[in-house]
Amino acid sequence: MPVLIDVPPTDQRVIDLMNAQQRELRALYNDTDERTEPFDPTTLSGEGCVLLAVEEDGALLACGALKRTEPDTAEVKRMYTVPGARGRGLGRQILAALIERGREQGYARLVLETGDLQAEALHLYESAGFTRIPNYGYYVGIENSLCYGLPLGVQATRTAP
């Protein structure tokens, strides 16, 4: 039975999974440009979290992260499940944990971006209650980017650093 663990954003396992995710997305979108939206997992220290789903033997299965983007908003980042572990509900498990973590950390809403060719991701986010919002930040003007938001139903308690 896989377990979720909270790991530091500098953990090499995090970097490896996130790099695998980016390689897969570049292949899916026929993107030979290795630029991606600026995201360094080490920027999560103190402002977000990284969760890994691992097997009892330590095998990496999935990851997801939260990153503060505004005092009352966090962005869901780098949701990824390794191909051999798909269909087991790991993405749903990580997303639910990230939503709960967002509430615990006092965020009023979560936002995320995904691509228009990622049907499974779209279904996951919409079934979790995320709804389309205008593209924000880096994603403004990127036509195959789809942005979503989820109000968390909590009063924002975070303040700008």
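Quick caveat: nothing in here was measured; it's all calculated off a predicted structure.

Asker: A description of the sheet that holds strand S2 (residues 48-54) should follow, citing residues and the corresponding values.
Answerer: Spatial ordering of the open sheet is given by S1-S2-S3-S4-S5-S7-S6, a layout of 7 strands whose pairing is mixed. Since the sheet does not close on itself, it has two edges, and those belong to strand S1 (3-7) and strand S6 (131-133), each with one partner. Recorded for the sheet is a direction-independent mean angle of 30 degrees between the axes of neighbouring strands. Two strands pair when backbone bridges link them, and strand S4 (residues 73-81) and strand S5 (residues 109-115) are joined in this way by 3 bridges, in the parallel orientation.

Asker: Break down the packing of aromatic side chains for me, citing the residues and quoting the values.
Answerer: Given two aromatic rings, one states the distance between the centres and the angle between the planes to describe the pair. The final tally for this structure, using the stated rule, is 3 aromatic pairs. Ring centres of tyrosine 136 and tyrosine 139 lie 5.5 Å apart, and the angle between their planes is 80 degrees; this geometry places the pair in the edge-to-face category. Exposure class is identical for tyrosine 136 and tyrosine 139. Each is buried. Between tyrosine 138 and tyrosine 139, the ring centres sit 5.6 Å apart and the planes meet at 85 degrees, which makes this aromatic pair edge-to-face. By relative accessible area, tyrosine 139 is classed as buried at 6%. Ring pairs connect the aromatic residues Tyr136, Tyr138 and Tyr139, which therefore count as one cluster.

Asker: Describe the nonpolar core, listing the residues and the values that go with them.
Answerer: Nonpolar side chains in soluble globular proteins tend to end up buried together. Judged by nonpolar contacts, the single largest core of 39 residues is most densely connected at Val76, Met79, Leu95, Leu98, Leu110, Tyr125 and Phe130. Those elements that place two or more of their residues in this core are helix H1 (12-28), S2, strand S3 (60-70), S4, helix H2 (90-104), S5, helix H3 (119-127) and strand S7 (145-151). The element that contributes the greatest number of residues to this core is S2, accounting for 6 residues. Membership of the second largest hydrophobic core comes to 5 residues, among which are Ile133, Tyr136, Tyr139 and Cys147.

Asker: Got a sec to walk through the packing of H2 against H3? Specific residues and values, please.
Answerer: At a minimum axis separation of 11 Å, H2 and H3 run at an interaxial angle of 40 degrees. Between H2 and H3, the angle falls in the class oblique. In this structure, the crossing between H2 and H3 has a hand that is right-handed. Contacts between H2 and H3 involve Gly91, Arg92 and Leu95 from the former and His123, Leu124, Tyr125 and Ser127 from the latter. By residue class, the composition of the contact of H2 with H3 is 3 nonpolar, 3 polar and 1 charged.

Asker: A description of the pairing of S3 should follow, citing residues and the corresponding values.
Answerer: The element S3 is largely enclosed, with a buried count of 8 among its 11 residues. Where S2 and S3 come together, 7 bridges link them in antiparallel fashion. Bridging from a neighbouring strand, alanine 53 pairs with alanine 62 of S3. Once S3 ends, the chain turns through 2 residues before running back antiparallel as S4.

Asker: Quick one: what's the story with the pattern of salt bridges, residue by residue and with numbers?
Answerer: Summed over the entire model, instances satisfying the criterion amount to 6 salt bridges. In this structure, the salt-bridge partner of arginine 101 is glutamate 104, at a minimum N-O distance of 3.8 Å. Note that arginine 101 and glutamate 104 are positioned in helix H2 at a spacing of 3 residues, about one turn of the helix. Through salt bridges with shared partners, a single network forms among Asp6, Arg101 and Glu104.

Asker: Give a description of H1 that names residues and reports values.
Answerer: End to end, H1 covers 24 Å across 17 residues, agreeing with the expected 24 Å (1.5 Å per residue, within 8%). Taken together, the buried positions of H1 are Val14, Leu17, Met18, Ala20, Gln21, Gln22 and Arg26. Of the surrounding elements, those touching the buried residues of H1 are S1, S2, S3 and S4. Of the residues trailing H1, asparagine 30 is marked for its positive phi of about 50 degrees.

About the criteria used
Going along each chain's sequence as written, the residues are numbered from 1 onward. The predicted origin of the model limits local features to residues at a pLDDT of at least 70 and limits the giving and counting of side-chain atom pairs to 80 or more, whereas totals for whole chains, interfaces and linings rest on all residues. In computing side-chain values, all of the structure's heavy atoms are included and hydrogens and water are not. Pairing between strands is defined by DSSP: at least two bridges between them are needed. Helix numbers and strand numbers start at the N terminus; a helix is a DSSP run of H or I with at least 4 residues, a strand a run of E with at least 2. A fitted line through C-alpha atoms serves as each axis, taken over the contacting stretch for helices, and the angle formed by two N-to-C directions is quoted from 0 to 180°. Stacked, tilted and edge-to-face are the three classes assigned to paired rings of Phe, Tyr and Trp, where Trp is represented by its six-membered ring and a pair needs centres within 6.5 Å; plane angles under 30 degrees give stacked, over 60 edge-to-face, the rest tilted. Buried means the residue's accessible area, taken with a 1.4 Å probe over protein chains only, is under 20% of the maximum for its type, while exposed means over 50%, and partly exposed covers the values in between. For the purposes of this section, nonpolar cores are sets of buried Ala, Val, Leu, Ile, Met, Phe, Trp, Tyr and Cys residues that join through side-chain atoms within 4.5 Å. Orientation labels follow simple angle bins: below 35 degrees gives roughly parallel, above 145 gives roughly antiparallel, 65 to 115 gives roughly perpendicular, and whatever is left gives oblique. The handedness criterion is simple: a crossing whose near helix is rotated anticlockwise from the far helix by less than a right angle is left-handed, and one whose near helix is rotated clockwise is right-handed. Between two residues, a contact is recorded if the distance between any of their heavy atoms is within 4.5 Å. Amino acid classes used here: Ala, Val, Leu, Ile, Met, Phe, Trp, Tyr, Cys and Pro are nonpolar; Asp, Glu, Lys and Arg are charged; the rest, including Gly, are polar. Here, a salt bridge means any Lys or Arg side-chain nitrogen found within 4 Å of an Asp or Glu carboxyl oxygen. By this rule, a helix spans an expected 1.5 Å times one less than how many residues it contains.

That's the geometry; what it means functionally is another story.
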